[in-house]
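What follows is the residue order along each chain.
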Amino acid sequence: MPLVIAIDGPAASGKGTLARRLAVHFGLPHLDTGLLYRAVALLMLDAGIDLGDANEAARTASSLVADQLADPRLRERAMGEAASRVSGIPDVRAALLSWQRRFASDEAGAVLDGRDIGTVICPDARVKLFITASPEERARRRHRELTGRGEETTLAAILSDIRARDERDSSRSAAPLKAAEDAVIIDTTELDADEAFAAARHVVERAREH
Ligand code: DC
């Protein structure tokens, strides 16, 4: 039976790092689904299209190709905000759904991380994890990551971004950020990356035994 691991959680919760490590450990392909929304936003901005234009956003989402997910600009702070805006458009979500389902149908299984993987994209995933941490701790981590890459920003600006994104991602009507009822919640506020990985690996190993 394929091993599909669905990982959801708010911005900068550590779910991406965890997803990558689980994928390597269990020999599975990994998709960071946030990149899809970031790519839609970036393509629109590059083409000079307003992010609120739902028709253009849906058209951009349906014509997305894998090569477009490698642009380093996708990881910039501003793109997280922009992605959060286009991700509230239901036609964008619909266009990206089949992309993600196709990825998840690999015969070995797959690891996908995002906001609605356990609830909408892979409701039958064998393992569902919801990774969270306090907004302050997430802001500290994101600040370290961005300044390490040479982006100039302040901790206060990032904390305010994170609160705004939590609010927008959780309150939208199309597939809001929330833990699936059968997800295991891991709060990483007090855990380092190795401890979070150990906790997640344990959940996956238990699920594989059943
Ligand atoms: O995980 P991230 O920061 O790269 O995500 C950027 C935005 O994309 C996030 O604020 C909301 C949206 N997103 C989503 O709506 N559903 C997903 N599965 C992944 C991301």
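Nothing here was measured: the structure is a model prediction, and the numbers come from that model. Numbering of residues starts from 1 in each chain and follows the order in which that chain's sequence is written. Per-residue local features of the predicted model are confined to residues with pLDDT of at least 70, and side-chain atom pairs are confined, for both listing and counting, to 80 or more; whole-chain, interface and lining totals are unaffected and use all residues. Hydrogens and water are ignored here; the side-chain numbers use all heavy atoms of the structure.

Peer 1: Would you explain helix 1 (residues 15–26) in this entry?
Peer 2: Residue pairs spaced three or four apart in an α-helix point in one direction, given the helix's 3.6 residues per turn. Only runs of H or I of at least four residues qualify as helices and only runs of E of at least two qualify as strands under DSSP, and these elements are numbered from the N terminus. An expected span of 1.5 Å times one less than the residue number is assigned to each helix. With 12 residues, helix 1 extends 16 Å between its outermost C-alpha atoms, agreeing within 8% with the 16 Å of an ideal straight helix rising 1.5 Å per residue. Note on classification: 1.4 Å probe, protein chains only; a residue is buried when its accessible area is under 20% of the maximum for its type, exposed when over 50%, partly exposed between these limits. Listed as buried for helix 1 are Lys-15, Leu-18, Ala-19, Leu-22, Ala-23 and Phe-26. Projected down its long axis, helix 1 shows its buried positions confined to an angular sector of 135°, all on one face. Residue contacts follow a heavy-atom distance rule, with two residues in contact if any of their heavy atoms lie within 4.5 Å. Considering only its buried residues, helix 1 is in contact with strand 1 (3–8), strand 2 (30–32), strand 3 (109–114), strand 4 (127–132) and helix 9 (193–209). Within two residues after helix 1, Gly-27 carries a phi angle of roughly 65°, on the positive side. The reported arc concerns the directions from the helix axis to the C-beta atoms and nothing else.

Peer 1: Would you take a moment to explain the sheet that holds strand 1 for this structure?
Peer 2: Within a sheet, each strand pairs with its neighbour through backbone hydrogen bonds, oriented either parallel or antiparallel. Pairing between strands requires that DSSP locate at least two bridges from one strand to the other. Within the open sheet, the five strands sit side by side as 2-3-1-4-5. Their pairing is parallel. Edge positions in the sheet fall to strand 2 and strand 5 (184–187), since each has one partner strand and no second. Averaged over all adjacent pairs, the angle separating strand axes in this sheet is 20°, with direction ignored. Here the axes come from fitting lines to C-alpha atoms, over the contacting stretch only for helices, and the angles between their N-to-C directions go from 0 to 180 degrees. Across the sheet, helix 1 lies against strand 1, strand 2, strand 3 and strand 4, angled at about 170° from strand 1, the strand it touches most.

Peer 1: Mind showing me how you'd approach the UniProt feature "domain: Cytidylate kinase" (unreviewed entry) in the protein chain here?
Peer 2: UniProt positions are given in the numbering used here, feature names are shortened, and annotations may be inferred rather than shown by experiment. Mapped onto the present numbering, the UniProt feature "domain: Cytidylate kinase" (unreviewed entry) falls at residues 5–198. Helix makes up 52% of residues 5–198 and strand 12%, whereas the separation of the span's terminal C-alpha atoms amounts to 15 Å.

Peer 1: Hey, could you run me through the pairing of strand 1 in this one?
Peer 2: Taking burial as the measure, the six residues of strand 1 include six buried ones, the bulk of the element. By the alternation rule, side chains of strand 1 split into Leu-3, Ile-5 and Ile-7 and Val-4, Ala-6 and Asp-8, which are all buried. Looking at chain direction, strand 1 and strand 3 are connected through six bridges and run parallel. Bridge pairing links Leu-3 to Gly-109 in strand 3. As paired elements, strand 1 and strand 4 share four bridges and run parallel to each other.

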